[in-house]
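Here is what each chain is made of, one letter per residue.
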Amino acid sequence: MKKFILLFSLVTFVGCSQFSSRKDQSQNIVFNSSIPQGKYTFTLVSLDYPQSYNKKIDFYKNLNKTLSELTVVQKNNLNLLITQNMYIDFTSLLNTGWFDKEILGMKVVEDLNENDIDYLNTLNVSTPTNAGDLQQFLNKQYYLLLKLTDNENMYNPEFLYTELDKSILMENTLLDRKSLIDNIKSIQKNFVYDSNINIKNVPIYLNSNFSNIDKFSTNPIIFENSNTTSGFKAFSKSLVIFIGDNNKIYSNKDYEFISTISSPLSLDNLKDISRNSTGVSKIINWKRKDWKKITNNETLENKFSTWEDK
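Residues numbered from 1 in each chain as written. Predicted model: local features only at pLDDT ≥ 70, side-chain atom pairs only at ≥ 80, totals over all residues. Heavy atoms only, no water.

Attention now moves to the overall build of the chain. Looking only at helices and strands, one finds 11 helices and nine strands in the chain. Here the chain, with 310 residues, has 42% of them falling under the buried criterion. When contacts within the chain are restricted to residue pairs at least 6 apart in sequence, long-range pairs at least 24 apart make up 62% of them. (Helix = DSSP H or I, 4+ residues; strand = E, 2+ residues; numbered from the N terminus. Buried < 20%, exposed > 50% of the residue type's maximum accessible area, 1.4 Å probe, protein only. Contact = heavy atoms within 4.5 Å.)

Our next topic: the pattern of salt bridges. Enumeration over the complete set of coordinates arrives at 10 salt bridges. Asp-182 is paired through a salt bridge with Lys-178; the nearest N and O atoms lie 3.0 Å apart. With a gap of four residues between them, Asp-182 and Lys-178 both fall in helix H8 (residues 163-187), about one helical turn apart. A relative accessible area of 54% places Lys-178 in the exposed class. (Salt bridge = Lys/Arg side-chain N within 4 Å of Asp/Glu carboxyl O.)

The sheet built from nine strands is open, its strands ordered E8-E6-E7-E5-E4-E3-E2-E1-E9 with mixed pairing. Strands with a single pairing partner mark the edges of an open sheet, and in this sheet they are strand E8 (248-250) and strand E9 (255-262). Put simply, the sheet's adjacent strands are angled 25° from each other on average, direction ignored. Of the pairings in the sheet, the one linking strand E3 (residues 191-194) to strand E4 (residues 204-206) comprises two bridges and is parallel in character. Residue pairing across strands places Asp-194 opposite Tyr-205, the latter belonging to E4. Along the sheet, helix H4 (residues 84-96) contacts strand E2 (79-82) and E3; its crossing angle with E2, the most-contacted strand, is approximately 105°. (Pairing = 2+ DSSP bridges. Axes fitted to C-alpha atoms, helices over the stretch in contact; angles between N-to-C directions.)

Attention now goes to the packing of aromatic side chains. Following the criterion strictly, the structure yields 23 aromatic pairs and no others. An aromatic cluster of three or more residues is present, and its members are Tyr-49, Tyr-53, Phe-59, Tyr-60, Tyr-87, Phe-90, Phe-99, Phe-191 and Tyr-193. Directly above the ring of Tyr-119 sits Lys-101, whose terminal nitrogen or CZ lies 4.2 Å from the centroid. (Phe/Tyr/Trp six-rings, centres within 6.5 Å; stacked < 30°, edge-to-face > 60°. Lys NZ or Arg CZ within 6 Å of the ring centre and 35° of its normal.)

In this structure, Asp-100 takes a positive phi of about 55° despite not being glycine. Relative to the helices and strands, Asp-100 resides in the loop between H4 and helix H5 (102-106). For Asp-100, a relative accessible area of 26% corresponds to the partly exposed category. In this structure, Asn-201 is a non-glycine residue whose phi angle is positive, near 60°. Along the polypeptide, Asn-201 turns up in the loop between E3 and E4.

Running from N to C, helix H2 (residues 53-69) and H8 point in directions that differ by 65°, and their axes come no closer than 9 Å. It follows that H2 is roughly perpendicular to H8 by the angle criterion. H2 and H8 meet at a crossing whose hand is left-handed. Two secondary-structure elements touch here, H2 through Tyr-53, Ile-57, Tyr-60, Asn-64, Leu-67 and Ser-68 and H8 through Arg-177, Ser-179, Leu-180, Asn-183, Ile-184 and Ile-187. Each residue belonging to the contact of H2 with H8 can be placed in one class, and the counts come to seven nonpolar, four polar and one charged. (Parallel < 35°, antiparallel > 145°, perpendicular 65-115°, else oblique. Left-handed = near helix turned anticlockwise from the far one by under 90°. Nonpolar A, V, L, I, M, F, W, Y, C, P; charged D, E, K, R; others polar.)

With that settled, consider H8. In this model H8 runs 34 Å from its N-terminal to its C-terminal C-alpha over 25 residues, within 8% of the 36 Å that 1.5 Å per residue would give. Along H8, the helix axis deviates most sharply at Met-170, where the bend reaches about 40°. All of the buried residues in H8 are Lys-166, Met-170, Arg-177, Leu-180, Ile-181, Asn-183, Ile-184 and Ile-187. (Expected span 1.5 Å × (residues − 1). Bend = angle between axes of the 7 residues up to and from the residue.)

A few words now on H4. With 13 residues, H4 ought to run about 18 Å at 1.5 Å a step, and its terminal C-alpha atoms sit 18 Å apart, in line with that. Here H4 has its buried residues at Met-86, Asp-89, Phe-90, Ser-92, Leu-93 and Leu-94. Looking at the buried side of H4, the elements it contacts are H2, E2, H5, H8 and E3. Gly-97 sits one or two positions beyond H4 and adopts a positive phi of about 90°.

Tracing the sequence through the fold places Thr-229 in strand E6 (residues 229-234). A distance of 3.1 Å separates the side chain of Thr-229 from the side chain of Thr-228, its partner in a polar contact. (Polar contact = N/O pair within 3.5 Å; in protein donor to acceptor, adjacent residues only side chain to side chain.)

If you want it as structure tokens, here you go:
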């Protein structure tokens, strides 16, 4: 009789558990030892990136100055939100030292493609009448470089400019950019990319509902803008960290992930923000702690045989 009552109770418990409320899947997540338990605050810094070339020059001067004043610890905590335009220029700067139309000006004239030539032909500039096609384009390249730095009045329409002239013109600029490039590289590991940029295996910012999460299945960290939710959700390969109000919280007792977006009025604000933020690189290689199921082939009757005999 005891056996019958016990088995009946067990079956009833198992059946009812299928319909009982379950905690969110994030409640049961324990990360590997590389992510200690505790509170993590991620501040995404959103900068107003200019459109015009001259304003970009000012932006990079101020950015370089500010980053140079940050400590290594502050740089390691700085999460910079990369928009599509920033991504294009940052990538160009890191790969070549140049950005925007500077690249067109610094190309060897023989390497100009049709699009480059079409753009150079839009420049209203005179070239020597006795110059061939390549020389005319070379002169236009030199004029472009002068124009970008507001020095087009130095252009001589009768002079046959050379590749060396172009190199000398931009040599000092390139030397000055070494510090800027080094500073950008020092914070690159904490870049968070706008989801409109087609790039995989990097942290991204998703300004919409994560119902289309499958599209970003290769992105390890996803910051999702939310009006109602904060905390985090762990999927098979992606960790979604919500940026929103605390009306509904996905979290657990061991880990607290808080995220905000900050739009500083000036680059000087980066100093204060980086003091209180956590660099996303600290959790970018997150993994669940291994959990092994204990297998026990002992029959139910044997498990409770001792109890029944009492």
